[in-house]
Amino acid sequence: MTSHTNAVLIGSLAIMLCILVLAAVDPLVGQSTLLSARVIKSDSHSSTLALPDGRITVIDIGNLVTGSMVKLCSQQHLISGSDSFRLKRTES
C-alpha cells in the first residue's frame, strides 16, 4: 500500500512540475509581431488602443495623446492563444 501511495504522489508531483514549467515558458516562447495602433482614450493610468484588425485593447501605460499612433509588440501565447501587448514607441 505504501509503494502505491508513493507512486501516486511522485506521479502527481511530476505532472505539477510539467505544468509549472509550461506556465513559466509559455509567455517567453510565442510569436511576436509589431503593430501600429491608434490611441482611442488615455487617462493617467491606462490607454485604450484600436488595433489594425478591429480589436480594441487596454494597456497599463497612461498619458498618451488621444488620436496618436503607437507601435505595439504583440506576442501570442502558445497554450492559451491569447495576445499580450507591450508599447514599443509613440509616433506623432
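Residues numbered from 1 in each chain as written. Predicted model: local features only at pLDDT ≥ 70, side-chain atom pairs only at ≥ 80, totals over all residues. Heavy atoms only, no water.

### What to know about the overall build of the chain
To keep it simple, the criterion reads: For helices the rule is a DSSP run of H or I covering at least 4 residues; for strands it is a run of E covering at least 2, with both sets numbered from the N terminus onward. Throughout, radius of gyration means the C-alpha value; the globule benchmark is 2.2 Å times the number of residues raised to the power 0.38.
Check the secondary structure of the chain and you find one helix and five strands. N-terminal to C-terminal, the α/β element order of the chain is α-β-β-β-β-β. A compact globule built from 92 residues would reach a C-alpha radius of gyration of about 12 Å, whereas the chain, at 20 Å, exceeds it by more than 25%. Overall, the C-alpha framework of the chain stretches about 70 × 25 × 20 Å when taken along its three principal axes.

### A short note on a nonpolar patch on the surface
Put simply, the test is: Like charges within 9 Å and nonpolar side chains (Val, Leu, Ile, Met, Phe, Trp, Tyr) within 5 Å are joined into patches, using only residues over 30% in relative accessible area that form no salt bridge. Accessible surface area values rest on a Shrake-Rupley calculation with a 1.4 Å probe, where residue burial reflects the displayed protein chains alone. Salt bridges are defined as contacts in which a side-chain nitrogen from Lys or Arg sits within 4 Å of a carboxyl oxygen from Asp or Glu.
A contiguous nonpolar surface patch, about 890 Å² in accessible area, is contributed by L17, L20, V21, L22, V25, L28, V29, L78 and I79. With respect to the element layout, L20 can be found in helix α1 (residues 2-25).

### Thoughts on the pairing of strand β5 (residues 83-90)
Regular strands have side chains that alternate between both faces of the sheet. Worth spelling out the cut-off: Two strands pair if DSSP finds at least two bridges between them.
In this sheet, β5 lies alongside strand β4 (residues 69-76) in antiparallel orientation, the contact comprising seven bridges. From the neighbouring strand, K71 faces β5, where its bridge partner is R89. From the end of β4 to the start of β5, which pair antiparallel, there are six residues, and G81 there has a positive phi angle of about 80°.

### Structural notes on the confidence of the model for the chain
Going by this rule: For every residue, the predictor reports its confidence as pLDDT, a number between 0 and 100.
On average, the chain scores 88 in pLDDT, and the residues at 70 or more come to 98%. The least confident element of the chain is β5, whose mean pLDDT is 85; the most confident is strand β2 (residues 47-50), at 95.

### Thoughts on the pattern of salt bridges
The cut-off we apply is this: Exposed residues in this analysis have more than 50% of their type's maximum accessible area, buried residues have under 20%, and partly exposed residues fall in between, with area computed by a 1.4 Å probe over protein chains only.
Enumeration over the complete set of coordinates arrives at two salt bridges. Between D83 and R55 there is a salt bridge, and its shortest N-O distance comes to 2.7 Å. Taken as a pair, D83 in strand β5 and R55 in the loop between β2 and β3 (56-59) lie far apart in primary sequence, 28 residues in all. Accessibility expressed as a relative area gives 27% for D83, which makes it partly exposed. Owing to a relative accessible area of 35%, R55 belongs among the partly exposed residues under this scheme.

### Observations concerning the sheet that holds β2
Let me state the cut-off plainly: Here the axes come from fitting lines to C-alpha atoms, over the contacting stretch only for helices, and the angles between their N-to-C directions go from 0 to 180 degrees.
Overall, antiparallel pairing links the five strands, which are arranged β3-β2-β1-β4-β5 in an open sheet. Two strands bound the open sheet, and with one partner strand each, they are β3 and β5. In this sheet, adjacent strand axes meet at a mean angle of 40° when their direction is disregarded.

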